[in-house]
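Residue strings, one per chain:
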Amino acid sequence: MPGFITAYQVLTLLLLGRVASCVDVPISLSSPPAAASVSQSLVSFSIEQDRWTDFVGTTTRNQFFFNALDNLKQLTGQPPQIRIGADSEDHTNFSPNVQFSQTLFPAVSATVPYPEASNITVGDGFYGAAQFLPSNTHVTWGLNLGQNNLTAAFLEAKSLVKAFSTSAFTNAGITLDAIEIGNEADLYKNNGARPTTYTSTQYVKEWTAFATNVSAAAKLSAASNTKFWGAAFAGSSHTTTGFSPQAIFSEGILSSTPGSLISTISLHHYSGSFCAGSGGLLQDLMTKSTIRGNLTGFAPDVSATHAKNLDFVLGETNSYSCHGAPGVSNTAGAALWSLDYLLFATQLGISRVFFHQGIGYKYSWFQPVTLTRSILDGTPLATPLPPHIQPQYYAAIIAAEAIGTSGKTRAVELNINDSRVAGYAFYEGSNLVRAVLINSQAFFTTTTTARGSKHVSLNLTGSGAPAKMTVKRLSIPHADDTVGITWGGQTYETSDGRVSGTLQVGSANVADGVDIQDTEIIMLSF
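Since the model is a prediction, treat every value here as computed from it, not as a measurement.

Colleague: Can you tell me about the overall build of the protein chain, naming the residues and giving the values?
Modeller: A tally of regular secondary structure across the protein chain gives 14 helices and 26 strands. Computed over C-alpha atoms, the radius of gyration of the protein chain comes to 24 Å, within 12% of the 24 Å expected from 2.2 N^0.38 for 526 residues, which places it in the range of a compact globule. Counting only C-alpha atoms and orienting by the principal axes, one finds that the protein chain spans roughly 90 × 55 × 45 Å. In the protein chain, buried positions account for 57% of the 526 residues. Contacts spanning at least 24 positions in sequence make up 78% of the contacts within the protein chain whose residues lie at least 6 apart. Here the protein chain holds 28 positive side-chain charges and 35 negative ones, and the gap between their average locations is 6 Å.

Printed below as a string of structure tokens:
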């Protein structure tokens, strides 16, 4: 009898465990009203300006970088949009005697192994190098406001517009969508660029003066294709005081002549900071509630921007500021964070997410040149590391596949009552075509228990439910791994950044549901 009771108890615990591991996921077969339009260039990139030509090339294109962008173009029909600027934007000056660029860098440190340049002087070739981007790329370029040098901004604008008017650009359809004046002006009072009393009112006055001159240099008007990005702040007060879209609107930025040419409001966001060398926890970064808490704060900014009929973008973002946290930003777990983060952004009305990239940055999605020192602590590498993608790049690939080439994709977050599992349904027109599920429970190299798994039961509502579906998986050995990841059995960890390997996609009955492991992403196609 005692043995029977023990066996019964074990069976009960197993059954209870099975119930606990089941997740019910309702999915509408037709696009719900709340589904957001998703741009084919939702995944876009912000490039640190100081080493721009290392990314794109000088006299010939950097083929690895081109391939990394072109992979996404092949999946969506449009290349990622590119913003060139960031911190080094406000340290850039122009000289007609420089062909591409001349740079001065501060000392390397363990916290920041690849620091931004403290001084950059560029020439015409610096802007002309953008001709090596994929055809039909839309570009936004940042000009120097931080040094309060109107001549520098004027000369940069002249050279910039001259480059984009050449046949190399026009024949390829590479366009200058916008000019950004100044990077993170809300931090000027902290970094010595302005007095500590600097306000958004002063910013609006300075921006208007610079934009008036840049408009003249670049021949911007209501009829021109090129417009302005406004704000580009490191954060937002979310009110009409401090630095925010609401504040600069109330202070009349849009009423000025150049302000009427603002098409887009850009804000920046990082989920944490590594500037002082204190790292974050990978599980915290990946967690569903953390991602939503980080982004929902921007809802009032998005609403205020849309009320002015302007576009809202995250013009610079990534995991941890100061180039990422080691063992977090450069890992496979960060790919799960990236995908959930960028897809959730669409639900708030954010049209594009520009993930920031820099040479040697821990959070970069690709390293387009050979590195000679560690991205983790700056120590010399025994063997130089050739160009390669990093794990977050898989988030871009998966998002691109989910969005597709139709140009009429809509997406909605699925109502999943689970703290670790997130999901999104994708519609073309009004019809369900794909769903993405993300299990953000971290499975580490140090985990001593068996890898967990959850069974997802699909509840498709509406008429004409499909009986079959295909299942594609992002296979990740461990959340803290940096290599060995495959998407549908294929890898982008190749010397040229192109996909390699035999595609592996499963088939399943919708009624049977699907299992998803800890630290895994799956895509269902109907």
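Colleague: Run through the state of the cysteines, naming residues and quoting values.
Modeller: Within the structure shown, the criterion is met by 1 disulfide. One disulfide in the model links C275 with C322; its S-S distance is 1.9 Å. Taking the sign of the torsion about the S-S bond as the criterion, the disulfide between C275 and C322, at about 95°, is right-handed. Taken together, the residues C275 in the loop between β11 (262-273) and α10 (282-286) and C322 in the loop between β12 (311-321) and α13 (333-347) connect sequence positions 47 residues apart.

Colleague: Which residues make up the packing of helix α11 (residues 288-296) against α13, and what values go with them?
Modeller: Two numbers describe how α11 lies on α13: the axes approach to 10 Å, and their chain directions differ by 40°. As the angle between them shows, α11 and α13 are arranged oblique. Between α11 and α13 the crossing geometry is right-handed. Side by side, α11 and α13 meet where K288, I291, R292, L295 and T296 of the first sit next to W337, D340, Y341, F344 and A345 of the second. When its residues are assigned to classes, the contact of α11 with α13 shows 6 nonpolar, 1 polar and 3 charged.

Colleague: Can you explain the environment of I522? Please cite residues and give values.
Modeller: Structurally, I522 can be placed in strand β26 (residues 520-525). Counting along the chain gives 429 residues from I522 to N93, while the straight-line C-alpha distance between them is 47 Å. If we skip the residues at most four places from it in the chain, I522 touches A435, V436, L437, K472, R473, V514, D515 and I516.

Colleague: Describe the nonpolar core, listing the residues and the values that go with them.
Modeller: W52, W141, Y203 and F366 are the most contacted members of the largest nonpolar core, which has 128 residues in total. In terms of residue count, the dominant contributor to this core is helix α14 (residues 393-403) (10 residues). Here W52 is in contact with I47, I82, I84, F126, A129, A130, L133 and W141, once residues within four sequence places are set aside. Residues V412, L414, V421 and A508 belong to the second largest nonpolar core, which totals 25 residues.

Colleague: Residues and numbers for the pairing of β11, please.
Modeller: Looking at chain direction, strand β10 (residues 227-233) and β11 are connected through 5 bridges and run parallel. Residue G230 lies in a different strand from β11, and its bridge partner there is I265. Considered for its hand, the β-α-β crossover made up of β10, helix α9 (residues 245-250) and β11 is right-handed. Summarising the sheet, β11 and β12 pair through 9 bridges and their orientation is parallel. If you follow T264 over to β12, its bridge partner there is D311.

Colleague: Requested: an account of the sheet that holds strand β8 (residues 138-143), with residues and values cited.
Modeller: Spatially, β3-β4-β8-β9-β10-β11-β12-β13 is the arrangement adopted by the 8 strands of the closed barrel, whose pairing is parallel. Recorded for the sheet is a direction-independent mean angle of 25° between the axes of neighbouring strands. Contacting β8 and β9 (175-181), helix α5 (residues 150-164) runs over the sheet at an angle of about 160° to β8.

Colleague: Requested: an account of the side chain of Q367, with residues and values cited.
Modeller: With respect to the helices, strands and loops of the structure, Q367 is situated in strand β14 (residues 366-367). Within the structure, the side chain of Q367 is placed 3.2 Å from the side chain of Q390, a separation counted as a polar contact. Apart from residues no more than four positions distant in its own chain, Q367 is found in contact with F64, G358, I359, G360, Y361, I375, P387, H388 and Q390.

Colleague: Any details on the sheet that holds strand β7 (residues 119-122)? Residues and values, ideally.
Modeller: Sheet strands pair via backbone hydrogen bonds, and the direction of the pair is either parallel or antiparallel. Taken in spatial order, the 3 strands make up an open sheet running β5-β7-β6, and their pairing is mixed. The open sheet is flanked by β5 (92-94) and β6 (101-104), the only strands paired with a single partner. Between one strand axis and the next, the sheet turns through 20° on average, direction left out of account. Sheet topology places β6 next to β7; 4 bridges connect them, and they run antiparallel. Residue Q102 lies in a different strand from β7, and its bridge partner there is T121.

Colleague: Hey, could you go over the pattern of salt bridges for me, with residue numbers and the actual values?
Modeller: Inspection of every chain in the model, using the stated rule, returns 14 salt bridges. D54 is the partner of R51 in a salt bridge, and the nearest nitrogen-oxygen pair spans 2.6 Å. Overlapping salt bridges bring together R83, E89, E180 and E316 as one network.

Cut-offs and rules
Residues numbered from 1 in each chain as written. Predicted model: local features only at pLDDT ≥ 70, side-chain atom pairs only at ≥ 80, totals over all residues. Heavy atoms only, no water. Helix = DSSP H or I, 4+ residues; strand = E, 2+ residues; numbered from the N terminus. Rg over C-alpha atoms; globule rule 2.2 N^0.38 Å. Buried < 20%, exposed > 50% of the residue type's maximum accessible area, 1.4 Å probe, protein only. Contact = heavy atoms within 4.5 Å. Lys, Arg positive; Asp, Glu negative; His and termini not counted. Charge placed at Lys NZ, Arg CZ, Asp CG, Glu CD. Disulfide = S-S within 2.5 Å. Axes fitted to C-alpha atoms, helices over the stretch in contact; angles between N-to-C directions. Parallel < 35°, antiparallel > 145°, perpendicular 65-115°, else oblique. Left-handed = near helix turned anticlockwise from the far one by under 90°. Nonpolar A, V, L, I, M, F, W, Y, C, P; charged D, E, K, R; others polar. Core = buried A, V, L, I, M, F, W, Y, C linked by side-chain atoms within 4.5 Å. Pairing = 2+ DSSP bridges. Right-handed = clockwise from strand over helix to strand, strands pointing away. Polar contact = N/O pair within 3.5 Å; in protein donor to acceptor, adjacent residues only side chain to side chain. Salt bridge = Lys/Arg side-chain N within 4 Å of Asp/Glu carboxyl O.

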